[in-house]
Amino acid sequence: MMISARSLDRYHLEAEDGKIGDVENLYFDERAWSVPYLVVKTGNFLTGKDILIYTRTAGKVEIQNHSIPISLTKEEIRNSPYIDARMPVHRQKEMMYFQHMGWSPYWDYSPPGMATAGNVQPDPSTRSTRDMLEGQNPHLRDTFKIIGYGAAARDGSIGHIEDFIVDVDEWMMRFVVVDTGKFLRLKKGEKKVIPVRRVSDIDWSTGTVTFSISSSDVDGIPPYVPSQPFDPSAGK
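Predicted model only: the values in this text are computed from it and were never measured.

A. Layout of the nonpolar core. The biggest cluster of nonpolar side chains holds 59 residues, and the ones touching the most others in it are L13, Y37, I68, I161, F164, W171 and F211. In this structure, I165, F175, V177 and V193 belong to the second largest nonpolar core, which totals five residues.

B. Highlighting the packing of aromatic side chains. Inspection of the entire model under this criterion finds five aromatic pairs. Judged by centre distance (6.2 Å) and plane angle (45 degrees), the rings of F28 and F164 are tilted. Separated by 136 residues along the polypeptide, F28 in strand β3 (residues 18-29) and F164 in strand β9 (residues 156-167) bring together distant segments of the chain. Across the pair, F164 and F28 agree in class, each one buried. Here the aromatic rings of W33 and F164 are separated by 6.4 Å at their centres, their planes lie at 40 degrees, and the arrangement is tilted. Residue W33 is found in the loop between β3 and β4 (34-41), and its partner F164 is found in strand β9; the two are separated by 131 residues along the sequence. Using a relative accessible area of 1% as the deciding quantity, one classes F164 as buried. Through a chain of ring-to-ring contacts, three or more aromatic side chains come together here, namely F28, W33 and F164.

Criteria and cut-off values
- Residues numbered from 1 in each chain as written.
- Predicted model: local features only at pLDDT ≥ 70, side-chain atom pairs only at ≥ 80, totals over all residues.
- Heavy atoms only, no water.
- Core = buried A, V, L, I, M, F, W, Y, C linked by side-chain atoms within 4.5 Å.
- Buried < 20%, exposed > 50% of the residue type's maximum accessible area, 1.4 Å probe, protein only.
- Phe/Tyr/Trp six-rings, centres within 6.5 Å; stacked < 30°, edge-to-face > 60°.
- Helix = DSSP H or I, 4+ residues; strand = E, 2+ residues; numbered from the N terminus.

Dropping the structure here:
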């Protein structure tokens, strides 16, 4: 099932024994476009801390009541090693978390249909030797930080990043939603969906996502209308 990343911030998480909080963000691994974590604002639970919930604990997303069930109890969450939800996330704390829960880490797991990340390189500000030795995870990225980045085809600007389309059965980023603005021969603000496999570069210093297709290719993609059911074949 495909859901926009932006719409997920209206969803709440239900542990086996009750609500724990609301989705505030998604963190993805830039090497494979997998989504290992939901950032959850806990509200009254855990005194309002922002926590990371591993998406492999998530059950079927319930569209009607905007909820995501997880196979954990409140006590299990309360007693698990705390991972600060602020970036950068420390790999050592991730390892402690996975070892405590008895899970294989997501970097050892390749879900079916895993996309490749092209030539995307880690943010230079997080990939120094010192960072690696200190155990920071340079590949985990903040989804909502990239929304608003410029979008470019091989032959120039095509607009800005408006959203992502997430496969919530496998918790994978599948498509990037680009608001073409005034850059194409289209109505101003028309949106297009482009597969993540077409991302050839993310320039963190300029805030630009580049795709390995031309602006005329983008021009030929049917418009994306968020209020209508999404057809995955439209962006291929």
